[in-house]
Amino acid sequence: MKDTIAHLLQSALNQLMEDGTLPADFRPDIKVENARDKAHGDFATNLAMVACKPAKMKPRDLAQRLIDVLPADGAISATEIAGPGFINFFVSDASSFAVIDDILHRGEAFGTSDQGQGQAVQIEFVSANPTGPLHVGHGRGAAIGDCLARLLEATGHKVTREFYYNDAGVQIDNLALSVQARARGLTPEDAGWPADGYRGEYIADLAQAYKAGETVSADDRSVTAKGDIEDLTAIRNFAVAWLRREQDEDLKAFGVSFDVYFLESSLYQDGSVAATVQRLIENGFTYEKDGALWLKTTEFGDDKDRVMRKTDGNYTYFVPDVAYHLNKWQRGFTTVINEQGADHHSTITRVRAGLQGLKADIPQGWPDYVLHQMVLVTRSGVEVKLSKRAGSYVTLRDLIEEVGRDATRFFLAARRSDSQLTFDIDLARSQSNENPVYYVQYAHARICSVLNKLVDIGDNRDPESIRGDYQLLTLEEERDLVARLAQYPEVIASAARQREAHHLTQYLRELAGLFHTYYNAHKVLVDETELRDARITLSLAVRQVLANGLGLLGVSAPQRM
RNA sequence: GCGGCUGUAGCUCAGUUGGAUAGAGCACUUGGCUACGAACCAAGGGGUCGGGGGUUCGAAUCCUCCCAGCCGCACCA
C-alpha cells in the first residue's frame, strides 16, 4: 500500500514538473509513513514540506497542488492536508480488510518475504568458552541471536547458525588444573588450589565424572574419561566435552540449535593462523618491538597498535579471530553477523583491522556486530551476583527451570540489545497481568477457545474453514485490528534489516492489546451467522499473526493456558 | 585519562531512522464477570525526553560541550 501511494505521488510529481511548478530535475526521496494517530488517516507523506523550497510555494499550497493532480485510485478513499503540510491518506475499507484474505491464504508464510534473495548469511552467537555453564548473559545472546536468525530466514536469507569456541589456550589450562585439583580432593579454600582456578561446584562434579570414567557426548564431540588424575591432557579433553554437553543441554532447553561448531584449535591445526600472520607480515602491517610482533591497527582506526605474538611465542586471542573471519569470508558469507556481549567490543576494531590488512578484498566494516549490554538479575528486589569464578551464579538452566522457556526468551529478546537489561525473576515467574509474555499468549489461547465454543452454540462447522464477508466488519476496533495486521510484514522486514528483534515483541504486545480490547467490547459468536462468520474470520487472522510472530521469537503459541 | 553504550512518567521500557498533542506495562485511584477464558477490559492523575548551546519549516531523534551510570582500556578471551 505504501508503494501504491508512492507511485501515485510520483505520478503527481511528474505532472508538476511538466507544468513547471517544480524543476524538471527534482528527485526527492518519497517517504510514505504509517500515520501515528488514526485521526490522521492510514498513511501520510511529508512530500509537500520537502518540495516546497524548489517549488517556491507554501507547503500547504503545494500539498493542494499535489492532491489536485493525484491520480484516482480505488484503494484511497480520501486525502487531506493537515498540520504544517502533511498529506494524509485514508485507505478504503475494502482495501484495508483485504489483508485478512492474504493472511489466511498465506498462513504461516504471512509476513515472510524474499528481500534476502537467498543470500547466505552467517550468524555467530553465544560462542561461550567451555569453562562453565551458560549464564544469563549467554541467554540474552542466545535469545537475540536465534531470533535474528529466524527473522533473517523469514526474510529470504539462507542462514547458518554458528558457535565458535576456544578449546585450547590459557583458560582451558586453568580449567584442567581446576578439575585436577578437585580430583585430588582440594577445594578452592585449600592451599595448592590453582591461582586462576574455576571455583564453581560444577568442577567437583566434573572431576567426579572424570574419575568414574564416564563417557560424555556433546553435539560436536564424544569423550570417555581416562580416569588418570596425572594426565592433564586427558583431563582437558574430558572437561571440554563435559562442559560442552552441559551447554548443549542448556541450549536445548532454550530451544536453540546450531549448524556449525567451530573450534579455535582447528585454526592452528590447519595452519590458517600461521598463514594469516604471514600474510599480514608480507603486506607490511606488522613490526617487531620489545620481543613481540605488533599489528599496525592504528592504520585502520584503532587508537594504538596491538600485540599479535607475545614474547612467549603464543598469539594473542584476536589473531585466530582474524583467521576465523577470513575463513567465514572464504566460505562465501557476504553477510556475517556476530552477536556478542558488549564487553568484547574492543575486538571489533582489531578484527576488522586484521581483515583489511590481509588485502583480501573484504569490505571495510565487515563483519556486522550486534552487541548486547549486561544483564542484571534481581530477585525480591535485590541483585543476584553473577560470578563464574566464585561459583555462585544464576545459570541459564536455572532460569529456564524457574521461569520457563517462553518467558525467559521473551524477556531476553524484548529490549534493545544496547541497553542494559534488568531481569526480574519475580516478574518473569509471575503468571499474572504483570507478565507481558502471557498477555500475548493469552490472546492466542482466547481465540482458540472462542473457536472451540462454536460447537456449543450448535454450529458444527470446522471453525478453521470459515470465511465470512469482512464487509460486515464496521467497528472501530475491527478497523484498528486489520490496520495493525497489515503492518506485520513490514515489522518483520525492518526488524531483520535493522537486526533489532525487540520490535517484534513490541508489535505482538500491541496486536494482542487490540484484540483484548475488541474481545471485551464485542462478542465474536453473535447470533447472526453472517456477522459471526466475519468476526471468526478476523479472529483466525489475528491468531495466525500472533502465532507467526511468537514463532519467530521461539516462543510457543498455546491453545490453552 | 581514552574509547563504547546508556540517561524518556514513581518503577521497567518503547518511540517506525527528522514529523503533527512524547507512548505502553507495572504501581496508584475508580468502574466492569449469572459473559465466547477477568492471565482481560474501560476511565483518571502522573513528563523542563539528564543539562546547556547549535543545525531547520520541525529535534527525544542529527552536531557540539558538560553531568551521571555501566562496560572496555593485558603480551586474558
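Before reading on, note that the structure itself is shown above.
Residues numbered from 1 in each chain as written. Chains lettered and ligands numbered in written order. Predicted model: local features only at pLDDT ≥ 70, side-chain atom pairs only at ≥ 80, totals over all residues. Heavy atoms only, no water.

Colleague: How should the sheet that holds strand β13 (residues 335–341) be read in this particular structure?
Modeller: Sheet strands pair by backbone hydrogen bonding; their relative direction is either parallel or antiparallel. Read across the sheet, 5 strands follow the order β9-β6-β5-β13-β14 without closing on themselves; strand pairing throughout is parallel. Where the open sheet ends on each side, the last strands, each with one partner, are β9 (260–263) and β14 (368–372). When strand polarity is set aside, the average angle formed by the axes of neighbouring strands in this sheet is 25 degrees. As paired strands, strand β5 (residues 120–124) and strand β6 (residues 158–165) are joined by 5 bridges and run parallel to one another. Of the residues in β6, the one forming a bridge with A120 is K158. Across the face of the sheet, helix α5 (residues 136–154) comes into contact with β5, β6, β13 and β14 while running at roughly 160 degrees to β6. (Pairing = 2+ DSSP bridges. Helix = DSSP H or I, 4+ residues; strand = E, 2+ residues; numbered from the N terminus. Axes fitted to C-alpha atoms, helices over the stretch in contact; angles between N-to-C directions. Contact = heavy atoms within 4.5 Å.)

Colleague: Quick question: what am I supposed to make of the environment of V99 here?
Modeller: Here V99 lies in helix α4 (residues 93–106). Placed 442 residues apart in sequence, V99 and A541 show a C-alpha to C-alpha distance of 8.8 Å. Ignoring any residue separated from it by four or fewer positions in sequence, one finds V99 in contact with F110, V482, L485 and A486.

Colleague: Looking at this model, I keep getting lost on the nonpolar core. Mind explaining?
Modeller: Grouped together as the largest cluster of nonpolar side chains are 92 residues, with contacts concentrated most on I100, V126, L151, F423, L485, L538 and L546. Looking at this core, the element that brings in the most residues is helix α19 (residues 529–553), giving 11 residues. In this structure I100 touches Y470, L473, V482, T537, L538 and A541, once residues within four positions along its chain are discounted. Counting residues in each nonpolar core, the second largest holds 27 residues, with I5, L9, M17 and C52 among its members. (Core = buried A, V, L, I, M, F, W, Y, C linked by side-chain atoms within 4.5 Å. Buried < 20%, exposed > 50% of the residue type's maximum accessible area, 1.4 Å probe, protein only.)

Colleague: It is not clear to me how the environment of A234 should be interpreted in this structure. Could you clarify?
Modeller: Inspection of the secondary structure puts A234 in helix α8 (residues 232–254). Considering only alpha carbons, one finds A234 and T224, 10 residues apart in sequence, at a separation of 9.2 Å. Ignoring sequence-local partners within four residues, the contact set of A234 consists of Y210 and K226.

Colleague: When you look at the environment of R350 in this model, what are you seeing that I'm missing?
Modeller: The residue R350 is located in helix α12 (residues 346–357) in this model. Residue R350 is classed as buried on the basis of its relative accessible area of 12%. Setting aside residues up to four positions removed in sequence, R350 forms contacts with D302, R306, Y317, F318 and V322.

Colleague: Honestly, the pattern of salt bridges in this entry has me stumped. Any pointers?
Modeller: Two side chains that carry opposite charge are able to pair once their charged atoms sit near each other. On inspection of all chains with the given rule, the structure shows 34 salt bridges. One salt bridge connects D146 with R150, and the closest N-O pair in it is separated by 2.8 Å. With D146 and R150 both in helix α5 and 4 residues apart, the pair spans about one turn of that helix. With relative accessibility at 22%, the residue R150 sits in the partly exposed group. Residues R161 and D146 are paired through a salt bridge, measuring 3.0 Å at the closest nitrogen-oxygen approach. In this pair, R161 is assigned in strand β6 and D146 in helix α5, connecting sequence segments 15 residues apart. Of the residues examined, D146 reaches a relative accessible area of 2% and is grouped as buried. Here the residues in one salt-bridge network are D146, R150, E153, R161 and R409, joined through shared partners. (Salt bridge = Lys/Arg side-chain N within 4 Å of Asp/Glu carboxyl O.)

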